[in-house]
Amino acid sequence: MPYGDEDEELTDWTSEPATPSQRHLSDYDDDEDHLAPDEPEPGFATHTSFDAYFTRTSKPSRTSSNVFSALVPPLSPEEYSTVLRKLQADPREQERVLWRDERTRKAFFRRFKAEMDEGFNLLMYGYGSKREFLNAYAQHLARSGGHAVVANGFQPSFAFRDLLAAIQQIPGVLDASSAATGAEAQTQRIHAFFSTVDSPHLYIIIHNVEGNAFRAAKTKAALALLALAPHIHIVASVDHIAASQRWSLSELFARKPDPSPSVPAEQLDGVLPRRGFAWLWHDLTTLAPYDFELAYADPTSLAGVAAMRGARTPAASAVAMAGNAGAGAALVSETAARHVLASVTQKAKKLFVLLGAKQLEVMETAPDAPKEKEGGGGAAAAVGAGAAEGAYDYDRLFAAARDNFVATNDTALRALLGEFRDHGLVVSSSVQGAEAMWIPMRRDALLKIVGELKAEGH
């Protein structure tokens, strides 16, 4: 073979790809086009729907932090008053409000009275302030011969003991005997008095029963005891969207006993629940503005303005505090507390004294305070649960701090609390939008520290 021909054959042989890895990428694209749409890709691992789910959820969230509420500055008190006066002067706004017709009111007043005589308590829900309607109903009940007590649950300064004190002003209530002490004694005394056949009828009108004064576990239990008294009738309103989750099924379906039962009382034990509410729900949408309820909110922050509207419900349950904050909070010793208090401002010390005094007051009124058990772990758990029982709701703390000139707005109060939160000296917890806080210290240690600060003039 001639030399030239052999050289040409060698050139043709070296021009071909030596391995498949030297193929162009476009060749593989052509091969993929021939695959069926539903045919899985060849290989050992097949991409399933589970892989697609985890692949998608592992990606970082792309939710924007630019919320609409951050773009709307809060109204000043002067601006809010100006807008409110314009709305009140507008006749169209007054026509929008429902349940103002006297004939309609009287018809429903008779219906509500009949339902309460059958052993039900009434719970009003719906958009709009229900204060005007319920106050008119309270006046109607008072004119009919019964005793009517109105509780403004939306006020941060209102406490459950204020309701008990008002009820005890009724003649004959203080004559009943009770073996318990404190708030439990008052509740037992009132329940025993209005459970007799010849006792008068008491109508309790509660504005915002989900308010700060009624959210603690012991307060709800005391109100449930009063609600089952045969001659005590409760008419309450709710505005929080999750208000129905506050009561168990046994509390919702409880029924009042007859004041003169045909069977002995000992046979009724275990048949009828001793505590409950027996709610009968009514839609009371009024479309009225919440001007009176919002008057107690802090106008300097959007969070304070939304507090009375349900975005941040005033108080959290003490039992929920023990289950959430108390479990993970470590107890603070006296030495650690003194080190932290030595490095804070005078206003922060006054705030600590204020919160500590309120917590000690709540812990003293608790009927069943947990006792320390033998052993380190049991004692710490018991004391932690006891401190959580003394949790004080944020809105009432803000009202007390404002009255004592410690903090004039929500921002200043949270700045003072931040100094204690950073060192674990104040613990806060939120359950379903509710906020409460407490000092994770033993009762005797907290009492000693608060006494020392008061002696120094704080």
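As a reminder, the structure under discussion sits directly above these lines.
The structure contained in this document is the topic of the report that follows.

Criteria and thresholds
- Residues numbered from 1 in each chain as written.
- Predicted model: local features only at pLDDT ≥ 70, side-chain atom pairs only at ≥ 80, totals over all residues.
- Heavy atoms only, no water.
- Core = buried A, V, L, I, M, F, W, Y, C linked by side-chain atoms within 4.5 Å.
- Buried < 20%, exposed > 50% of the residue type's maximum accessible area, 1.4 Å probe, protein only.
- Helix = DSSP H or I, 4+ residues; strand = E, 2+ residues; numbered from the N terminus.
- Contact = heavy atoms within 4.5 Å.
- Phe/Tyr/Trp six-rings, centres within 6.5 Å; stacked < 30°, edge-to-face > 60°.
- Pairing = 2+ DSSP bridges.
- Axes fitted to C-alpha atoms, helices over the stretch in contact; angles between N-to-C directions.
- Parallel < 35°, antiparallel > 145°, perpendicular 65-115°, else oblique.
- Left-handed = near helix turned anticlockwise from the far one by under 90°.
- Nonpolar A, V, L, I, M, F, W, Y, C, P; charged D, E, K, R; others polar.

**Quick notes on the nonpolar core**
Logical step 1: In terms of nonpolar packing, the biggest core is built from 35 residues, with Leu 341, Leu 351, Phe 352, Leu 413, Phe 420, Leu 425 and Met 441 touching the most fellow members.
Logical step 2: For this core, the secondary structure elements donating two or more residues are helix 17 (334-341), helix 18 (346-365), helix 20 (394-403), helix 21 (410-421) and helix 22 (443-455).
Logical step 3: Among the elements that line this core, the one with the most residues is helix 18, at 8 residues.
Logical step 4: Excluding its chain neighbours within four sequence positions, the residues that come into contact with Leu 341 are Lys 349, Phe 352, Phe 420, Leu 425, Ile 449 and Leu 453.
Logical step 5: Grouped together as the second largest cluster of nonpolar side chains are 34 residues, Phe 160, Leu 223, Val 238 and Leu 252 included.

**Topic: the packing of aromatic side chains**
Logical step 1: The tally for this structure, following the rule as stated, stands at 18 aromatic pairs.
Logical step 2: Ring plane angle 90° and centroid distance 5.8 Å describe the contact between Phe 154 and Phe 292, whose orientation is recorded as edge-to-face. One end of the pair, Phe 154, is in the loop between strand 2 (147-152) and helix 9 (160-167); the other, Phe 292, is in helix 14 (residues 291-294), with 138 residues separating them in the sequence.
Logical step 3: Take Phe 154: its relative accessible area is 4%, and that puts it in the buried class.
Logical step 4: For Phe 292, a relative accessible area of 31% translates into the label partly exposed.
Logical step 5: On the numbers, 4.9 Å between centres and 90° between planes, the contact of Phe 193 with Phe 194 is edge-to-face.
Logical step 6: Its relative accessible area of 16% is what places Phe 193 among the buried residues.

**Regarding the pairing of strand 3 (residues 202-207)**
Logical step 1: Counting buried residues along strand 3, 6 of its 6 residues qualify, which places the element largely inside the surrounding structure.
Logical step 2: Where burial is concerned, the two faces of strand 3 agree: the one with Leu 202, Ile 204 and Ile 206 and the one with Tyr 203, Ile 205 and His 207 are both buried.
Logical step 3: The pairing of strand 2 with strand 3 spans 6 bridges and is parallel. Residue pairing in the sheet places Val 150 in a bridge with Ile 205 of strand 3.

**Quick notes on the packing of helix 7 (residues 102-117) against helix 8 (residues 131-143)**
Logical step 1: Axis separation between helix 7 and helix 8 bottoms out at 11 Å; the angle between their running directions is 70°. In terms of axis orientation, helix 7 runs roughly perpendicular to helix 8. For the pair helix 7 and helix 8, the sense of crossing is right-handed. Residues Arg 105, Phe 109, Phe 112, Lys 113 and Met 116 of helix 7 touch helix 8, and the partners they reach there are Glu 132, Phe 133, Ala 136, Tyr 137, His 140 and Leu 141.

**Focus: the packing of helix 20 against helix 21**
Logical step 1: The N-to-C vectors of helix 20 and helix 21 enclose an angle of 105°; their axes lie 11 Å apart at closest approach. The orientation of helix 20 with respect to helix 21, classified from their angle, is roughly perpendicular. Contact residues: helix 20 offers Tyr 394, Phe 398 and Ala 401, while helix 21 offers Asp 410, Leu 413, Arg 414 and Leu 417.
Logical step 2: For the contact of helix 20 with helix 21, a count of residues per class yields 5 nonpolar, no polar and 2 charged.

None of the figures reported here should be taken as evidence of function without further support.
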